Amino acid sequence: MYYDYLIVGAGLSGSVFAHEMKKKGKKCLVIDKRPHIGGNVYTEERLNVCVHCYGAHIFHTSDKAVWDYISQFGEFNHYVNSPVAVYKDELYNLPFNMNTFSKLWGVKTPTQAKAKIEEERAAFSGGEPKNLEEQALSLVGKDIYEKLIKGYTEKQWGRSCRELPAFLIKRLPLRFTYDNNYFNDRYQGIPIGGYTEIVRKLLEGIDVETGISWQEFRQTRRDITYGSLFYTGMIDEYFDYKLGSLEYRSLRFETEELQEEENYQGNAVVNYTEREIPYTRIIEHKHFVFGTQKGTVITREYPAQWKKGDEPYYPVNDEKNEKLYEEYRELAKGEENVIFGGRLGQYRYYDMDKTIAAVLEIVKKQP
Ligand code: UDP
């Protein structure tokens, strides 16, 4: 059996690539080690609620071409992400805006808020921020840093903010309006019916095999040959870690079905910014789609140290890892007919829109 392309990974990257190559008349086979398609955007129904099984995915973009692209495969609702942060039993609106400032300091006007932030920024001595803590202090000042950034960030990355690179929060938007929309993008929403449906449509008419890893496939499917490989797994794993292991952060999800509870927290996303609480956020899935059904499903998200065999969710794009990734990239250039794509193949902290845009660029270069 011959395929023009073997695609490893049935996530967003792999399925967009397969879809586009099929349109070009190429024969594709998509494989995935998980028992289902969709990668980390996979959603499934539980208690009649569409659950984001590998973390909340909120589609947002300012790229009209990408918005039009994804909208071909599903209709998006009008969900606007407005997370609430909990710190020591007080609730604050995110992103940092007039609602947040008013709750923190009792200020009413943008002028008052700006004056207070100036005062708070005095905690930073000046100069070029050398780490994330200094970066945050210089941008938003001590109070916001300590209540809303420090604990959350240290939990998420598993390191002290003094040991984290400044660039992770180069842009911490401060908004001097009463606007709780987390994103600044022109387009935003959640697909009605879930992301899995979108991926299913992308993969329509394409051969797909789930529940088989790339390693197993190579060993057991020698009858299948292919012209090129589109690989969306971890680039260092592809090369058997021969230059060393890149670092990732992992996550552990604890999902609870609450049959008797209709509304657990009143919002889709609630962040817990204290260091002492081991999870970073609780997602209440029904609120992504304005659900009114009886019962609700919630997921606590615990950041976790990644080790080989765990699910890698985030690349750790600090200097050390970037350098190693560049070496792998050099190695990858020598691999004939192999393309690396997606968050893991390109070691990039891509949002969904950037993932799609990156694949569409790759597609343009394919015959
Ligand atoms: N962040 C924070 N407090 C919050 C939410 C986010 O300090 O309540 C910072 C933190 O440094 C984190 C970054 O913003 O690493 C990105 O967080 P977000 O939750 O937006 O990332 P996601 O996991 O959704 O990609």
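Throughout what follows, the structure given in this document is the object of discussion. Worth saying up front: this structure is predicted, and the values here are computed from it rather than measured. By convention here, each chain's residues receive numbers from 1 onward along its written sequence. Reporting of local features is limited, given that this is a predicted model, to residues whose pLDDT is at least 70; pairs of side-chain atoms are given and counted only at 80 or more, and all residues count toward the totals for whole chains, interfaces and linings. With hydrogens and water stripped out, all remaining heavy atoms of the structure feed into the side-chain values.

All right, on to the overall build of the protein chain then. A helix here means a DSSP run of H or I that spans at least four residues, while a strand means a run of E at least two residues long, and both kinds are numbered starting from the N terminus. Counting secondary structure elements, the protein chain contains 12 helices and 16 strands. Taken along its principal axes, the extent of the C-alpha atoms in the protein chain is 70 × 50 × 35 Å. What makes two residues a contact is simply this: any of their non-hydrogen atoms within 4.5 Å. A fraction of 71% describes how many contacts in the protein chain between residues 6 or more apart in sequence connect residues 24 or more apart. A total of about 17,400 Å² of accessible surface is found on the protein chain, and carbon and sulfur atoms cover 47% of it. Averaging the locations of the 50 positively and 55 negatively charged side chains of the protein chain gives two centres separated by 2 Å. Residue burial considers only the protein chains on display, and all accessible areas are found by Shrake-Rupley using a 1.4 Å probe. We count Lys and Arg on the positive side and Asp and Glu on the negative side, and we leave His and both chain ends out. We put the charge of a Lys on NZ, of an Arg on CZ, of an Asp on CG and of a Glu on CD.

Pairing in this open sheet of 7 strands is mixed, and the strands run β7-β6-β12-β13-β14-β11-β15 from one edge to the other. Looking along the sheet, the strands with just one partner apiece sit at the ends: β7 (90-93) and β15 (314-315). In terms of strand pairing, strand β6 (residues 84-87) meets β7 through 4 bridges, oriented antiparallel. Looking at the pairing, Val86 lines up with Leu91 of β7. In this description, strands pair whenever DSSP reports at least two bridges between them.

This brings us to unusual backbone geometry. Looking along the chain, the bond that leaves Leu94 and enters Pro95 is cis, with omega of -10°. Tracing the backbone through its elements, the reader meets Pro95 in the loop between β7 and α3 (98-105). A positive phi angle is found at Phe290, which is not glycine, with a value near 55°. Here Phe290 lies in the loop between β13 (281-284) and β14 (296-305). Its identity as a non-glycine residue notwithstanding, Asn337 has a phi of 60°, on the positive side. Assignment of secondary structure puts Asn337 in the loop between α10 (319-333) and β16 (338-340).

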